[in-house]
Amino acid sequence: MTTVDSNGVSPLDVGIDALQGGSADLAQYAGRAVLVVNVASKCGLTPQYTGLERLHAQYAERGLTVLGVPCNQFLGQEPGSAEEIAEFCSATYGVSFPMTEKVEVNGEDRHPLYERLVGFADAEGHSGDIRWNFEKFLIGRDGKVVARFSPQTEPESAEVVAAIEAQLAG
């Protein structure tokens, strides 16, 4: 299933603000592979920030952007303000990849970015609602979702790296 709709709208065509305010301007990532991850600061999976930052550092020059999307919908594990989130990510994990505003990824108030992502199924066939913090979507250089990974899948796992490599090979 493609997530570019009949009007040719990609997830990267959706408006969303940056964590520190102003537009995150996802259109700037057109032609790049983008790994979109809903993140949280107080989750058992929060140490995945380390792997996400390493992926960003390793592949940025080849055309990958990691995009963190804070979300507080899972047991309130991202309660902080934008400033608190930015400080935590920078001080604790040295995060340098871009982060968006805090949004909802499920339910009636699901952000339009996630409306465009959740229809894509992962390798096990799961599509629909985000299951937990750190669910990952890889958007290819053509603006289409090409892979979805469960929250428990480590950012530097073989399957994530292979999917990234495949997008950057072209």
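Please read these numbers as outputs of a predicted model, since none were measured by experiment.

### Re the sheet that holds strand 4 (residues 145-149)
At step 1: If you walk across this open sheet you meet the four strands as 2-1-3-4, and the pairing is mixed. Each edge of the open sheet carries a strand with a single partner, namely strand 2 (64-70) and strand 4. Each adjacent strand pair in this sheet contributes to an overall mean axis angle of 20 degrees, direction not counted.
At step 2: Pairing between strand 3 (residues 136-139) and strand 4: four bridges, direction antiparallel. Considered in strand 4, the bridge of lysine 136 is made with phenylalanine 149.
At step 3: Along the sheet face, helix 1 (residues 48-59) touches strand 1 (33-39), strand 2 and strand 3 and points at about 150 degrees away from the line of strand 2.
At step 4: Helix 4 (residues 158-168) contacts strand 1, strand 2, strand 3 and strand 4 of the sheet and is inclined by roughly 170 degrees relative to strand 4.

### A closer look at the nonpolar core
At step 1: If you look at the biggest cluster of nonpolar residues, it comprises 27 residues, and the most contacted ones within it are Tyr49, Leu52, Leu55, Leu64, Met99, Leu138 and Ile164.
At step 2: Within the residue set of this core, elements represented by two or more residues are strand 1, helix 1, strand 2, helix 2 (82-93), strand 4 and helix 4.
At step 3: Here leucine 52 is in contact with Leu35, Val37, Val39, Val66, Phe97, Phe134 and Pro155, once residues within four sequence places are set aside.
At step 4: Among the nonpolar cores identified, the runner-up in size contains 24 residues, and Ala18, Leu26, Val105 and Ile130 belong to it.

### As for helix 1
At step 1: When the terminal C-alpha atoms of helix 1 are compared, their 17 Å separation across 12 residues agrees well with the 16 Å that a helix rising 1.5 Å per residue should span.
At step 2: Along helix 1, the residues that are buried comprise Gln48, Tyr49, Gly51, Leu52, Glu53, Leu55, His56 and Tyr59.
At step 3: Residues of helix 1 that are buried sit in contact with strand 1, strand 2, helix 2, strand 3 and helix 4.

### Quick word on the pairing of strand 3
At step 1: Of the two faces of strand 3, the one lined by Lys136 and Leu138 and the one lined by Phe137 and Ile139 are each fully buried.
At step 2: Connecting the antiparallel pair strand 3 and strand 4 is a turn made up of five residues, with glycine 143 showing a positive phi of about 85 degrees.

### Concerning helix 2
At step 1: The end-to-end C-alpha separation of helix 2 is 16 Å, in line with the 16 Å expected for 12 residues at 1.5 Å each.
At step 2: Just past helix 2, the residue glycine 94 takes up positive phi, approximately 60 degrees.

### A short note on the packing of aromatic side chains
At step 1: According to the stated counting rule, one finds six aromatic pairs in the structure shown.
At step 2: Each ring, one from tyrosine 114 and one from phenylalanine 137, has its centre 6.2 Å from the other, and the planes form 80 degrees; the classification is edge-to-face. With tyrosine 114 in helix 3 (residues 112-117) and phenylalanine 137 in strand 3, the pair connects residues that are 23 residues apart, well separated along the chain. Neither tyrosine 114 nor phenylalanine 137 differs from the other in exposure class; each is buried.
At step 3: Here the aromatic residues Tyr49, Phe88, Tyr93, Phe97 and Phe134 are joined through ring pairs into a cluster of three or more.

### What about the side chain of histidine 56?
At step 1: Relative to the elements of secondary structure, histidine 56 occurs in helix 1.
At step 2: Ignoring anything within four residues of it in the chain, the contact list for histidine 56 reads Leu64, Thr65, Val66, Ser96, Phe97 and Pro98.

### Focus on the state of the cysteines
At step 1: Scanning all chains against the criterion turns up zero disulfides.
At step 2: Lacking any disulfide linkage, cysteine 43 is separated from the closest cysteine sulfur, that of cysteine 71, by 11 Å.
At step 3: Of all cysteine sulfurs in the structure, the one in cysteine 43 sits closest to cysteine 89, which takes part in no disulfide; the separation is 12 Å.

### Some details on the pattern of salt bridges
At step 1: Enumeration over the complete set of coordinates arrives at seven salt bridges.
At step 2: Linking glutamate 156 and arginine 54 is a salt bridge whose minimum nitrogen-to-oxygen distance equals 2.7 Å. Here the residue glutamate 156 occupies a position in the loop between strand 4 and helix 4, and arginine 54 occupies one in helix 1, the gap between them amounting to 102 residues.
At step 3: One salt bridge in this structure joins glutamate 135 and arginine 131, with 3.0 Å as the shortest N-O distance.
At step 4: Each of the salt bridges in this network shares a partner with another, and the network as a whole consists of Asp122, Arg131, Glu135 and Arg148.

Calculation criteria
- Residues numbered from 1 in each chain as written.
- Predicted model: local features only at pLDDT ≥ 70, side-chain atom pairs only at ≥ 80, totals over all residues.
- Heavy atoms only, no water.
- Pairing = 2+ DSSP bridges.
- Helix = DSSP H or I, 4+ residues; strand = E, 2+ residues; numbered from the N terminus.
- Axes fitted to C-alpha atoms, helices over the stretch in contact; angles between N-to-C directions.
- Contact = heavy atoms within 4.5 Å.
- Core = buried A, V, L, I, M, F, W, Y, C linked by side-chain atoms within 4.5 Å.
- Buried < 20%, exposed > 50% of the residue type's maximum accessible area, 1.4 Å probe, protein only.
- Expected span 1.5 Å × (residues − 1).
- Phe/Tyr/Trp six-rings, centres within 6.5 Å; stacked < 30°, edge-to-face > 60°.
- Disulfide = S-S within 2.5 Å.
- Salt bridge = Lys/Arg side-chain N within 4 Å of Asp/Glu carboxyl O.

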